[in-house]
Structures are given as C-alpha cells and as structure tokens.
Amino acid sequence: MKTAIYNIGGDPNLREPATIFEARNYINGLNRIGAVIDPCTWPYGEVRGGVPCNQVNPYFWCSGDPVANIGWISLYDGDVRGNGAAGPFTLVKDQEVEVLIGYEVDRSTTPLGGIIAVKSISDAVQIFYENNFGYPIVSVEDESQVVSSFTLEQNYPNPFNPTTNIGFRIADFGFVSLKVYDILGNEIATLVNEEFSPGEYEVEFSAKSGFTSGGNAYSLSSGIYFYTLSAGEFIQTKKMILLR
C-alpha cells in the first residue's frame, strides 16, 4: 500500500471526490483539496502509545493498531469510506503485468468494531490470495509475543538459487524498509516498504528475472548481494550469495 485515506461526508475537505483532480489528491494520500493531513492536529485521529506524531506517515491515515492502542488511531465514530492506493506500477511494452485489486466492506457502530470486522474480511481475502496467487510475506509469528529488539536474520538457504527467505524482528510500531543491493551498491529490489507493528516477520526474495525498484529489468547472476533493514534509527545489512 502506498496511501490510505478516509472519506467523511460531513467534512467539506474530506467528502467523496467530485472530479478526477480530487480523486488524484486522495490517491496521493492528500485531502480533497490537495493538502497534507497533519497527524499531530487532525481532529478525527490521535497518535498514541508514545509514538511521536511528527514521525507518523501522513499519507497513510490512522495507520495505528487500535487493539494495542499504539500509533495513529481513529477517533471518528461516524460513517467513513476508506480508500487505499498502491503503486506506481512500471509498465513495459509487450510485457504482461498482473495487478490484483481487492475491495473490502465492513460496518460497525464503533471505530474498533469496524477494524475488527474488516480484519476478519481481510484474513479471508489473504487466505484466498495465498491459495491462488502466492504472497511475498511467507510467515508472521504471533505478534502477542514480546519483541524487545530489532533484528535482521541471516537469509536461508544461503547460498541460494533462486529463492531465499529473510527474517526480521520489529520492536516498535513504525515504518520499515527492506531492500536488496548488488555488490556495487545498486538497489535491486524493495521487499518491504510500509508500517509494521511489533513482531517477527519473514519475506521471500527471488533472483528470477524481474524489475528493480527503479523499473529496470534484471536477471541476477551468481555473486554476492546485500540486504538492508531500516526501521527508525535501526539499520543493519547482511550478505547473501546467489549460486546459479
């Protein structure tokens, strides 16, 4: 997900879009008139759990965990319509690109009830997706377990061909990125680029032909590659070896 926003009919700056320009503003994580939402002052939400409000992603509205009461939490108990945007996607002439679109609907009388309802639907959607299309995050450990520190695990198998798994632990709610680089420092792929709750995660990296984060085609050859986890002030890099 790149952005996530709310439409609130009673607010003139948040009502549903009437033009393509207003729709584009929402897609970019802005309000209807194109202004950036400030998580520190937005009247429909509040940043909790000790998370600095000026470090919250303003383009991903109310991205916190309402169960743990951490992060940017919605305070609005009226009717809202949420929209999320992904991308941008790189299109190459004569090359097929698969784009999957999901649409979820829930209804509740409380903000937390709405989250619980849509989570139940999301779980069913994810199971359907995994059974039919595969999914890059191959496992998520029980998030109720206490994770006290950030950790980047050594990939396995290593050496690998053509896929390998990379595990990591997140200690605090926040924005996380996991990227792969070649030995010259060129970015090959972005495996993770979103907000995470504390917990243990694992993603799969494939060396098969694909596209770099910049949209350039690649087919990795044998050699040494690096992957870097960034989460707040935590940055760690490890080496992995591809053997064709």
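For clarity, every value in this text was computed on a predicted model and none was experimentally measured. (Residues numbered from 1 in each chain as written. Predicted model: local features only at pLDDT ≥ 70, side-chain atom pairs only at ≥ 80, totals over all residues. Heavy atoms only, no water.)

Regarding the pattern of salt bridges
Inference 1: Following the criterion strictly, the structure yields five salt bridges and no others.
Inference 2: Between Glu 200 and Arg 169 there is a salt bridge whose closest N-O contact spans 3.1 Å. Here Arg 169 lies in strand 7 (residues 163-170) and Glu 200 lies in strand 10 (residues 199-206), a separation of 31 residues in the sequence.
Inference 3: We classify Glu 200 as partly exposed; its relative accessible area is 23%. (Salt bridge = Lys/Arg side-chain N within 4 Å of Asp/Glu carboxyl O. Helix = DSSP H or I, 4+ residues; strand = E, 2+ residues; numbered from the N terminus. Buried < 20%, exposed > 50% of the residue type's maximum accessible area, 1.4 Å probe, protein only.)

A word on the packing of aromatic side chains
Inference 1: Under the criterion given, the structure shown has nine aromatic pairs.
Inference 2: Seen in terms of ring centroids, Tyr 44 and Tyr 76 are 5.4 Å apart; in terms of plane orientation they differ by 90°. Their pairing is edge-to-face. Pair noted here: Tyr 44 is in the loop between helix 1 (20-27) and strand 2 (45-48) and Tyr 76 is in the loop between strand 3 (71-74) and strand 4 (81-85), with a separation of 32 residues, a long-range link.
Inference 3: Overall, the relative accessible area of 24% leaves Tyr 76 in the partly exposed class.
Inference 4: Ring centres 5.7 Å apart and planes at 20° place the aromatic pair Phe 168 and Tyr 201 in the stacked group. A residue pair is termed long-range when its members are at least 10 positions apart, and Phe 168 in strand 7 and Tyr 201 in strand 10 qualify at 33 residues. Neither residue differs from the other here; Phe 168 and Tyr 201 are each classed as buried.
Inference 5: An aromatic cluster of at least three residues, connected via ring pairs, comprises Trp 42, Tyr 44, Trp 61, Trp 72 and Tyr 76. (Phe/Tyr/Trp six-rings, centres within 6.5 Å; stacked < 30°, edge-to-face > 60°.)

Points about the environment of Asn 31
Inference 1: Relative to the elements of secondary structure, Asn 31 occurs in the loop between helix 1 and strand 2.
Inference 2: Note: C-alpha distance between Asn 31 and Asn 7 (24 residues apart in sequence) is 8.8 Å.
Inference 3: When neighbours within four sequence positions are excluded, Asn 31 is seen to be in contact with Asn 13, Leu 14, Asn 25, Tyr 26, Ile 37 and Trp 61.
Inference 4: Polar contacts involving the side chain of Asn 31 include one to the main-chain amide nitrogen of Ala 35, which spans 2.8 Å. (Contact = heavy atoms within 4.5 Å. Polar contact = N/O pair within 3.5 Å; in protein donor to acceptor, adjacent residues only side chain to side chain.)

Quick notes on a nonpolar patch on the surface
Inference 1: A surface patch of nonpolar side chains, amounting to about 320 Å² of accessible area, comprises Ile 183, Leu 184 and Ile 224.
Inference 2: Relative to the helices and strands, Ile 183 is located in the loop between strand 8 (174-182) and strand 9 (187-196).
Inference 3: The class for Ile 183 is exposed, based on a relative accessible area of 57%. (Patch = residues over 30% accessible without salt bridge, like charges linked within 9 Å, V, L, I, M, F, W, Y side chains within 5 Å. Areas by Shrake-Rupley, 256 points an atom, 1.4 Å probe, with all protein chains shown as cover.)

Let's talk about the nonpolar core
Inference 1: Membership of the largest hydrophobic core comes to 24 residues, with the highest contact counts inside it found for Phe 168, Val 176 and Leu 178.
Inference 2: Every element with two or more residues in this core is listed here: strand 7, strand 8, strand 9, strand 10, strand 13 (223-231) and strand 14 (234-242).
Inference 3: Among all residues touching Phe 168, those that are not within four sequence positions of it are Thr 151, Leu 152, Glu 153, Val 176, Leu 178, Val 192, Phe 196, Gly 199, Glu 200, Tyr 201, Val 203 and Leu 229.
Inference 4: Judged by nonpolar contacts, the second largest core, of 14 residues, contains Ile 5, Tyr 26, Val 56 and Cys 62. (Core = buried A, V, L, I, M, F, W, Y, C linked by side-chain atoms within 4.5 Å.)

Let's talk about the state of the cysteines
Inference 1: Applying the stated rule across the entire model yields one disulfide.
Inference 2: Two residues share a disulfide in this structure: Cys 40 and Cys 53, whose sulfurs sit 2.0 Å from each other. On the S-S bond that ties Cys 40 to Cys 53, the torsion sits near 100°, and the link is right-handed. Of this pair, Cys 40 sits in the loop between helix 1 and strand 2 while Cys 53 sits in the loop between strand 2 and strand 3; the two residues are 13 residues apart in sequence, bridging distant segments of the chain. (Disulfide = S-S within 2.5 Å.)

These values are about where atoms sit, not about what they do.
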